[in-house]
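What the coordinates show
For reference, the chains in residue letters:
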Amino acid sequence: MRLTTYIISTLALLSGLKAGATTIDTDTVMTTDTTNRTLIIPPALHEGDRIAILSPAGIARPQNVYHALPVLQEMGWEPFLTEHALGRSGTYSGTDRERFADLKNALLDPSVKAILCSRGGYGAVHLLEMLDSLPLRDNAKWIIGFSDISALHALMHKHGIASIHGPMAKHIGSYDGKDEDTRALFAILNGSPVEYHLPTHEYNRHGEAEGTLTGGNLAVLADLIGTPYDMITPGTILFIEDIAEPIYKIERIMYQLKLRGVLAQLGGLIVGQFTDYEPDADHPSMESMIRDMVREYDYPVAFDVPIGHVTHNIPLIESARVYMCVDSDSVTISQCEPDKTGSE
């Protein structure tokens, strides 16, 4: 079993911290991203804060959602299911309008402080245009999830709001909140920056970088290239993961990034977990293909980072500025301390 070291700035996890127990300033944090737009980092949660659990894409299994409820309640929060969280319409949890309504209501309700997605699947992209017209910055809150939820992270990035790429309801309930990834997620929600020290990999390229962190499921992000929700841009530290995609399809996306001139201009690259695929005649692994695709560049690259459709899936803050260091001893990914100015 691989070991990941987590350093929580207030030692929140070691003390079994519940909601509202940090001493960190929990007002909304304002900082500046690489486009010079003010980035909103949603405020930390407090005891009694409400968390909406919803399904913006595929159909959720009720047991996966229900098992997460007591874990969140133990933290002092008040989780609730939105109207269509356990709905069904074809392969989706609801019609486009139903899923949009759930998200709209949660995003605009000032009593809701975070939105936890039940699962990914496919379908979040249906909602982007409708959600884009909402005043998202007026009442910024955390959106939590990964996989197809990468589309929602892209939406929040467009609006200059940080979000959390990390464990969803199924994971939280499956481990009763005791695993290190859920504990790290809860630390972020409590206002604690998280720093990761990860094992090395033979394909790693050493170096240091600081930049805006963006990324997620590569197939989802690739479909947003050239749209207003494209978050793969020069200078960013990009993290990528995927599931059930053959090597040649991921290579095609990498060439798309190369031909657009973006791949050469990244600040750094974090290669997460690519699962459920087979080696092919051209490449023994996904990692070897990616290594070859970025060989000519000089920015730091970290391989085998625990991000993606795996049991060990570290939470990361999308759109935040991070420091990345890859050397012979470890890989460090840490959130840069933002300026706390209180409000726009």
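Just so it is clear, the structure is predicted and the values come from calculations on it, not from any experiment.

Here the focus is the overall build of the chain. Each helix and strand counted, the chain has 10 helices and 16 strands in total. Per-residue burial over the chain gives 59% buried out of 344 residues. Roughly 13900 Å² of accessible area belongs to the chain as shown, and the carbon and sulfur atoms make up 48% of that amount.

With phi around 65°, S147 is a residue other than glycine that occupies positive phi space. Mapped onto the fold, S147 is located in the loop between β7 (142-145) and α5 (150-158). S147 gets classed as buried once you look at its relative accessible area, which sits at 10%. We note that D276 has phi near 60°; this positive angle belongs to a residue other than glycine.

What the six strands build is an open sheet, ordered β5-β4-β6-β7-β8-β14; its pairing is mixed. Either end of the sheet is taken by a strand with one partner, and the two such strands are β5 (78-81) and β14 (316-318). Pairs of neighbouring strands in the sheet enclose a mean axial angle of 25°, with direction left out of account. Of the pairings in the sheet, the one linking strand β6 (residues 112-117) to β7 comprises three bridges and is parallel in character.

Relative to the assigned elements, H153 resides in helix α5. Apart from the residues lying within four places of it in its own chain, the contact partners of H153 are I143, G145, S163, I164, H165, M231 and E318.

Another point: the nonpolar core. The nonpolar side chains of a soluble globular protein tend to be buried with one another. Counting 61 residues, the largest nonpolar core has L131, L152, M254, L263, L269 and I290 as the members making the most contacts within it. Apart from residues no more than four positions distant in its own chain, L152 is found in contact with P56, L103, C117, A124, L128, L131 and I143. Core analysis: the second largest hydrophobic core is formed by 47 residues, L45, A68, A114 and A184 among them.

A few words now on the environment of D102. Relative to the elements of secondary structure, D102 occurs in helix α3 (residues 96-108). For D102, a relative accessible area of 5% corresponds to the buried category. Excluding residues within four positions of it along the chain, D102 makes contact with L54, T82, E83, H84 and A85.

Reading the values: the criteria
Residues numbered from 1 in each chain as written. Predicted model: local features only at pLDDT ≥ 70, side-chain atom pairs only at ≥ 80, totals over all residues. Heavy atoms only, no water. Helix = DSSP H or I, 4+ residues; strand = E, 2+ residues; numbered from the N terminus. Buried < 20%, exposed > 50% of the residue type's maximum accessible area, 1.4 Å probe, protein only. Areas by Shrake-Rupley, 256 points an atom, 1.4 Å probe, with all protein chains shown as cover. Pairing = 2+ DSSP bridges. Axes fitted to C-alpha atoms, helices over the stretch in contact; angles between N-to-C directions. Contact = heavy atoms within 4.5 Å. Core = buried A, V, L, I, M, F, W, Y, C linked by side-chain atoms within 4.5 Å.

In short, the description is geometric, and any link to function would need to be established separately.
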